[in-house]
Amino acid sequence: MTLYRDTGVVLRVQKLGEADRIITMITRRYGKLRAVAKGVRRTSSRFGARLEPFCHVDVQCYTGRTLDVITQVETIDAFAPRIVDDYQRYTAGCAVLETAERLSAEEGEPVLRLYMLVAGALRALSAGERDPSLVLDAFLMRAMAYAGWAPAVFECARCGKPGPHHAFNVPAGGAVCDDCRPPGSASPARDTFVLMDALMHGVWERADESAPAARREASGLVAAHLQWHLERQLRSLPLVERRSQ
Ligand SMILES: [Zn+2]
C-alpha cells in the first residue's frame, strides 16, 4: 500500500454503491485524479462536505487495485459556498470545471499550469469582485493557450502580420488580416480585440473598463473558438448567465 499526498480542486463527484463516492480532481502533482471517498454519503462522514465540486483541498490517498482511496482531506480554500450561492458565479464555475476536465484527459499526466488556472479562476469567482463572465473568459483564453490553441488576437493567425485587424475566423485560428480573411469571418469591434488581449494577459484594469457590448462579443468568440477545438459543445457553457453591465 503506497500513501501519497496531493493538492487539488474537486471537479466532479459521482455516487458509488450505498455510501461511497468517486471524486474526480485536478491536482498539482498527478494531474487528473479519480479516487474513492469511502462512507462520505453517511451524514456522520467527517470529510464528505470537503469533497464537493469547487473545493480546493489537500488529500492523502493510498494506491488501490482499481481506484485510489482517499484517507484524509484538509480544506485549503472553501470556494464552494460563495460560488454555489450565486447563479452567475455557479454557472461560470461549472464551465471552468468542465473545461478543466476536458483539457486534462489523461489521468496521471501532470497539468500544473492548468491546475493553477483553475484554482485562480475559482478564487476570483468566490471573491465576487469581478464580473464572473470576465473571470470565465480570462480562464478560457488562458486554458486554450495552455492547450496550445489560443486564438490569435493581435497578429494575423495566418500570415503573422501585426494588427490590429478587423476580422476573426475560428477555423483560421482567430484574428485575420484583410488579405487572409476567409469568407464568413466575423467582424468584431476594435474594443473586443482589446478586451480579449487584456483577458489573455491578465490586464484586469483594462478588462474591468470594458463595455457590455465588447464583453458579449468577446464571450461569443471565446466560446466559438473553444467549441471548435473541443469538437463537441461543452454542456455547461450555454447555461452561463451573462449579466455584463
Ligand atoms: Zn494575414
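Note: the structure precedes this text.
On a predicted model such as this, the values are computed, not experimentally measured, just so you know.

(A) Local environment of unusual backbone geometry. Omega for the peptide link from G163 to P164 comes to 5 degrees, which places this bond in the cis form. Relative to the elements of secondary structure, P164 occurs in the loop between α4 (132-147) and β6 (167-169). Notably, F54 is not glycine yet its phi reads approximately 80 degrees, a positive angle. Residue position: F54 is located in the loop between β3 (31-37) and β4 (56-62).

(B) Quick peek at the sheet that holds β4. Taken in spatial order, the five strands close into a barrel running β1-β2-β3-β5-β4, and their pairing is mixed. When the angles between neighbouring strand axes are averaged without regard to direction, this sheet yields 50 degrees. Relative to strand β5 (residues 68-77), β3 is paired through three bridges, and the arrangement is parallel. Across the sheet, A35 pairs through a bridge with D68, a residue of β5. Contacts from helix α2 (residues 87-103) reach β1 (3-16), β2 (20-27) and β3 within the one sheet, and its direction differs from that of β1 by about 115 degrees.

Thresholds applied
Residues numbered from 1 in each chain as written. Predicted model: local features only at pLDDT ≥ 70, side-chain atom pairs only at ≥ 80, totals over all residues. Heavy atoms only, no water. Helix = DSSP H or I, 4+ residues; strand = E, 2+ residues; numbered from the N terminus. Pairing = 2+ DSSP bridges. Axes fitted to C-alpha atoms, helices over the stretch in contact; angles between N-to-C directions. Contact = heavy atoms within 4.5 Å.

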